[in-house]
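Commentary on secondary and tertiary structure
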Amino acid sequence: MTVNDICQALERYTLPLMQTQAIATEPVTAQALNNQSAKLVLAYSGGVDSECLAYGLSLFAQKNPHIPCLLVHVHHGLSANADTWVEHCISQATKYQLPIQIERINLTKAPRKSLEAIAREARYNVFKKYLNPSDILLTAHHQDDQLETLLLALKRGQGPKGLAAMGVIQPFNQHSWIVRPLLDVSKGQIESFAASVELKHIEDESNQDEQFDRNFLRQDIIPRLKQRWPSIAVTASRSANLCAQQQQVIEQEVNNRLPAFIDDSGVGHYSAFKLLELREQSTQWQSLLLRGYIQSQGFNLPSQSQLEQVLEQVLYAADDAKVNVHCGDYSIKRFAGKAYIVPAIKLAELAKDQKLITDKLVNFVTKPQSELISGAFFELESSELPSSELISTRPINSELVSSELPSSELISTEAGINRLKVNVVTDGVRLRLPNGEQVSVVFGAKGSTRCQPHFRDKGRELKKIWQELAVPPWIRSQIPLVFYNDNLVAAVGLWVDKRYLAKQQTLGFVFTS
């Protein structure tokens, strides 16, 4: 391996990705790529692997000066040598004529999570900070890393997706890419190259600590495997590629079938998973489709045992059973023949959301009538709510009693409101303006509260209205209810009481969520 080989690998894998961002009719020239302003960000530890890649990136940057390149080094604070490593990385970056960013992080231990996993997650969260849409994160993973990943997937009992291990090119962080240019290169080749060019690099003493699974494989198991089967890293990589191909076919078929099982017509813009249709599928497809649905909603997959528990409960629990399976930072619930994924929110943050909604909604509805002209509106996006940045990632234990946690840490798996909009209009179904009545907003009114939705001829108790509209129980307490004095006059996004409808062409409020 030579520096030109590294540079060519970088060009082979990154330039086509940048080309896809260029205008189709524009040739792939320096000007075309520069117009896209995508950059390469190297995860740079200063170890021999990333040092070699940084060395090759310096040549790439010289040959492609129109493409911004950046080194990012993460100071974990775990080693007494961490400050020395920072100095090394800054010094090498100067030699490579590449800009560098140093990020210091503090790691907090979490239950049921290894320090290795916590450090990795924190590290990648740092890298995400530097990635704009279409940017490319470079990592120095190599063939031996691929073998380690495959062995760890086997240890965890993972299927084709886990056994596919790492790809050379993969989507990352929704709008970016991760590229591993050295994935087909062995560790021996990397070390030989570093020695041949007398490349300075750091030695992380924690790499010798076999309490970490990867180090145990690296120091003890893989050398013995290679002694018996010298080409095992190559053949294992081939197996990972075959698994990746099979997984791609599976995912394509799941994506083709999945839309028929998703119902987006429910209250509050929450999608539901159709269980009657799912029961007609084979057990294998039940598992695949449920996995696909969970991922399509942006949540992490549960463990295999949790997945089996979810399927067993949502499909076969008694009709009157309250199905609620905790899966880390969300729960899966069942209602009226459908399954719902409900994120966990800290109760304290949920209360803040509701207070903000109440205050802003009441302030708008009670404005002087001179300020409420047709076309006026009030809007509250989910990003403005306190909980939008504070969804709890604390592992949820279904056996944990709420009173064991401080009040600020109590977990709610009741869906909060996504957004809220109020328009002032002169036509359509709308709530009349208050006429001297006191306006209030309530979450979770008593089921015995009576009202007469605009689509009903007679009044009915609130709990019966919820059932009539098939509103899941955990959503009911999160729907803002508007009261004039002691009378329920509107449920946001659902109905206006018939007795309080605006008449003729008079102004009124239309609530949507």
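In short, a report on the structure. All of these numbers come straight from a predicted model, not from anything done at the bench. (Residues numbered from 1 in each chain as written. Predicted model: local features only at pLDDT ≥ 70, side-chain atom pairs only at ≥ 80, totals over all residues. Heavy atoms only, no water.)

**Examining the sheet that holds strand β15 (residues 420–425)**
Pairing in this open sheet of four strands is antiparallel, and the strands run β13-β15-β23-β16 from one edge to the other. Each having just a single partner strand, β13 (377–380) and β16 (431–432) make up the two edges of the open sheet. Judged from the two bridges that link them, β16 and strand β23 (residues 508–512) form a sheet pairing that is antiparallel. Bridged to arginine 432 within β23 is glycine 508. (Pairing = 2+ DSSP bridges. Helix = DSSP H or I, 4+ residues; strand = E, 2+ residues; numbered from the N terminus.)

**What about the sheet that holds strand β21 (residues 487–491)?**
Overall, antiparallel pairing links the four strands, which are arranged β17-β20-β21-β22 in an open sheet. Since the sheet does not close on itself, it has two edges, and those belong to β17 (439–442) and β22 (495–496), each with one partner. Where strand β20 (residues 481–484) lies against β21, four bridges are found, and the strand directions are antiparallel. Note on β21: the bridge partner recorded for leucine 481 is alanine 491. Sheet strands in contact with helix α14 (residues 347–365) are β17 and β20, and its direction is about 155° off that of β17. (Contact = heavy atoms within 4.5 Å. Axes fitted to C-alpha atoms, helices over the stretch in contact; angles between N-to-C directions.)

**Looking at unusual backbone geometry**
Glycine aside, residues mostly have negative phi, and peptide bonds are mostly found in the trans state. The phi dihedral of glutamine 97 is positive, around 60°, even though this residue is not glycine. In this fold, glutamine 97 is placed in the loop between α4 (82–96) and β3 (100–104). Phi at asparagine 485 is positive, roughly 55°, even though this residue is not glycine. Within the fold, asparagine 485 resides in the loop between β20 and β21.

**Let's talk about the pattern of salt bridges**
The full count for this structure, using the stated rule, is 18 salt bridges. Glutamate 148 is paired through a salt bridge with arginine 218; the nearest N and O atoms lie 2.8 Å apart. Of the two residues, glutamate 148 sits in helix α6 (residues 143–156) while arginine 218 sits in helix α9 (residues 213–228), which places them 70 residues apart along the sequence. The exposure class assigned to glutamate 148 is buried, which follows from its relative accessible area of 1%. A salt bridge links arginine 456 to glutamate 468; its shortest N-O distance comes to 3.0 Å. With arginine 456 in the loop between β18 (450–451) and β19 (460–461) and glutamate 468 in helix α15 (residues 462–468), the pair connects residues that are twelve residues apart, well separated along the chain. For arginine 456, a relative accessible area of 17% puts it in the buried group. In the salt-bridge network here, residues are joined through shared partners; they are Glu148, Arg214 and Arg218. (Salt bridge = Lys/Arg side-chain N within 4 Å of Asp/Glu carboxyl O. Buried < 20%, exposed > 50% of the residue type's maximum accessible area, 1.4 Å probe, protein only.)

**What to know about α4**
Spanning 15 residues, α4 covers 21 Å between terminal C-alpha atoms, matching the ideal 21 Å at 1.5 Å per step. Considered for burial, the residues of α4 that qualify are Ala82, Trp85, Val86, His88, Cys89, Gln92, Ala93 and Tyr96. The arc enclosing the buried residues of α4, seen along the axis, measures out at 165°, which places them on a common side. For α4, exposure combined with an orientation more than 90 degrees from the buried face picks out Glu87, Thr94 and Lys95. Elements that come into contact with the buried residues of α4 comprise α3 (48–63), β2 (69–75) and β3. (Expected span 1.5 Å × (residues − 1). Arc of directions from axis to C-beta.)

**Details of the packing of aromatic side chains**
Under the defined criterion, the tally for this structure stands at 13 aromatic pairs. With a centroid separation of 6.0 Å and an interplanar angle of 85°, the aromatic rings of tyrosine 484 and tyrosine 500 are classed as edge-to-face. Remark: tyrosine 500 occurs in the loop between β22 and β23 and tyrosine 484 occurs in strand β20; sequence separation between them is 16 residues. Feature note: the residues Tyr55, Tyr96 and Phe193 constitute an aromatic cluster, connected by ring pairs. Above the ring of tyrosine 13, the side-chain terminus of arginine 12 is found at 4.9 Å from the ring centroid. When the ring centre of tryptophan 285 is taken as reference, the NZ or CZ atom of arginine 257 above it lies at 3.8 Å. (Phe/Tyr/Trp six-rings, centres within 6.5 Å; stacked < 30°, edge-to-face > 60°. Lys NZ or Arg CZ within 6 Å of the ring centre and 35° of its normal.)

**Overview of the packing of helix α1 (residues 3–19) against α3**
Look at α1 against α3: their axes get within 8 Å of each other, and the N-to-C directions meet at 70°. By the angle between their axes, α1 is roughly perpendicular relative to α3. Every pair of crossing elements has a handedness; the one defined by α1 and α3 is right-handed. Residues Val3, Asn4, Ile6, Cys7, Leu10, Glu11, Thr14 and Leu15 of α1 lie in contact with α3, whose contacting residues are Cys52, Leu53, Tyr55, Gly56, Leu57, Leu59, Phe60 and Lys63. Of the residues contributing to the contact of α1 with α3, the split by class is eleven nonpolar, three polar and two charged. (Parallel < 35°, antiparallel > 145°, perpendicular 65-115°, else oblique. Left-handed = near helix turned anticlockwise from the far one by under 90°. Nonpolar A, V, L, I, M, F, W, Y, C, P; charged D, E, K, R; others polar.)

**Notes on α1**
The periodicity of an α-helix, 3.6 residues per turn, causes residues three or four places apart in sequence to face the same way. The end-to-end C-alpha distance of α1, which contains 17 residues, comes to 24 Å, matching closely the 24 Å that a straight helix rising 1.5 Å per residue would cover. Of all the positions in α1, only Ile6, Cys7, Ala9, Leu10, Glu11, Tyr13, Thr14, Leu17 and Met18 are classed as buried.

**Digging into the nonpolar core**
Grouped together as the largest cluster of nonpolar side chains are 39 residues, with contacts concentrated most on Leu40, Leu57 and Leu138. Elements with a minimum of two residues in this core: α1, β1 (40–43), α3, β2, α4, β4 (136–138) and α8 (187–196). With eight residues, the top contributor of residues to this core is α3. In contact with leucine 138, not counting residues within four places along its chain, are Leu10, Thr14, Leu40, Val41, Leu42, Ala43, Leu53, Leu57, Val179 and Pro181. Grouped together as the second largest cluster of nonpolar side chains are 26 residues, Leu372, Leu380, Leu433 and Val441 included. (Core = buried A, V, L, I, M, F, W, Y, C linked by side-chain atoms within 4.5 Å.)

Shape descriptors only; they carry no functional weight alone.
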